[in-house]
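# Observations on the model geometry
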Amino acid sequence: MADSRRTSGVRHQLSDRLFHWVMAACIILLGGTAFLPIIGIKFNWLPIHWWTGVALVAAILFHLYRVFAVHGIGKMLPMADDARETVRIALNRSKEGLKPAKYDAFQKSYHWAAAISVLATAATGLIMLAKIDTTFWKRDPSILSESAWGVIYVIHGLGAMLLLFLVILHIYFSFIPSHRAYLVSMIRGRGPELARKD
């Protein structure tokens, strides 16, 4: 019997797919410029890092516009059926009777974890721009106390480490055969319209 999730329709519009891949490129570039110098690969990483961070913030703002003005936030909000789905999976029970949804409980959970870590890292990164000289402004680290800067650096680092874990997890799950249709839909747009079928 064919997997009922594989009903082919438009799962992701072109603008949403472009956002996904721009964000992916930014996060990979930010991760490379952050972690490669730590392991001893020396290069002038700072300009690449902050320009890519600004590009990521622009992509996030575009995505937020699409969420609130085009899609609506409802599809990604956790609902009672998401909790029921999680419990049924944990108890190895059928998901029958749950409302169909474009995103299942685990996709929503992943999205919220990624959103929180990206937003925390991006917000602290924007604040950290005050500590570097650019063609647009002169550095002014006096805007925060030393202890406040410590908090900013800790949040930025923790967000980056969580994001690294989430990227690895995301890549892993995208290549699992039962999830491959979702990967294809992020490239071509067409794929399973519903992740949770009744």
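Further up the page is the structure itself.
Rules used throughout
Residues numbered from 1 in each chain as written. Predicted model: local features only at pLDDT ≥ 70, side-chain atom pairs only at ≥ 80, totals over all residues. Heavy atoms only, no water. Phe/Tyr/Trp six-rings, centres within 6.5 Å; stacked < 30°, edge-to-face > 60°. Helix = DSSP H or I, 4+ residues; strand = E, 2+ residues; numbered from the N terminus. Core = buried A, V, L, I, M, F, W, Y, C linked by side-chain atoms within 4.5 Å. Buried < 20%, exposed > 50% of the residue type's maximum accessible area, 1.4 Å probe, protein only. Contact = heavy atoms within 4.5 Å. Arc of directions from axis to C-beta. Salt bridge = Lys/Arg side-chain N within 4 Å of Asp/Glu carboxyl O.

### Examining the packing of aromatic side chains
One pass over the structure, following the stated rule, counts 6 aromatic pairs. Here the aromatic rings of Trp 149 and Tyr 153 are separated by 6.4 Å at their centres, their planes lie at 55°, and the arrangement is tilted. Taken together, the residues Trp 149 and Tyr 153, both in helix α5 (residues 146-174) and 4 residues apart, mark about one turn of the helix. Ring geometry for Tyr 172 versus Phe 173: centroids 5.2 Å apart, planes at 80°, classification edge-to-face.

### Overview of the nonpolar core
Membership of the largest hydrophobic core is limited to 12 residues, which are Phe 19, Met 23, Cys 26, Ile 27, Leu 30, Leu 56, Val 57, Ala 59, Ile 60, Val 118, Ala 122 and Leu 163. Elements supplying a minimum of two residues to this core: α1 (14-35), α2 (45-71) and α4 (105-128). When residues in this core are grouped by element, the largest group, 5 residues, is from α1. In this structure, Val 118 is in contact with Met 23, Ile 27, Leu 56, Ile 60 and Leu 163, ignoring residues within four places of it in sequence.

### So, unusual backbone geometry
The residue Asn 92 is not glycine, and still its phi comes out positive at about 60°. Inspection of the secondary structure assignment puts Asn 92 in the loop between α3 (80-90) and α4.

### Topic: α3
Within α3 the residues assigned to the buried category are Asp 81, Asp 82 and Glu 85. The arc that holds the buried residues of α3, viewed along the axis, is 105°, so those residues lie on one side. Contact partners of the buried residues in α3: α4. Where α3 terminates, the next one or two residues include Asn 92, which has phi positive at roughly 60°.

### Comments concerning the pattern of salt bridges
Under the definition given, this model contains 5 salt bridges. Lys 108 serves as the salt-bridge partner of Asp 82, at 2.8 Å between the closest nitrogen and oxygen. One end of the pair, Asp 82, is in helix α3; the other, Lys 108, is in helix α4, and 26 residues separate them in sequence. The same class applies to Asp 82 and to Lys 108, which are both buried.

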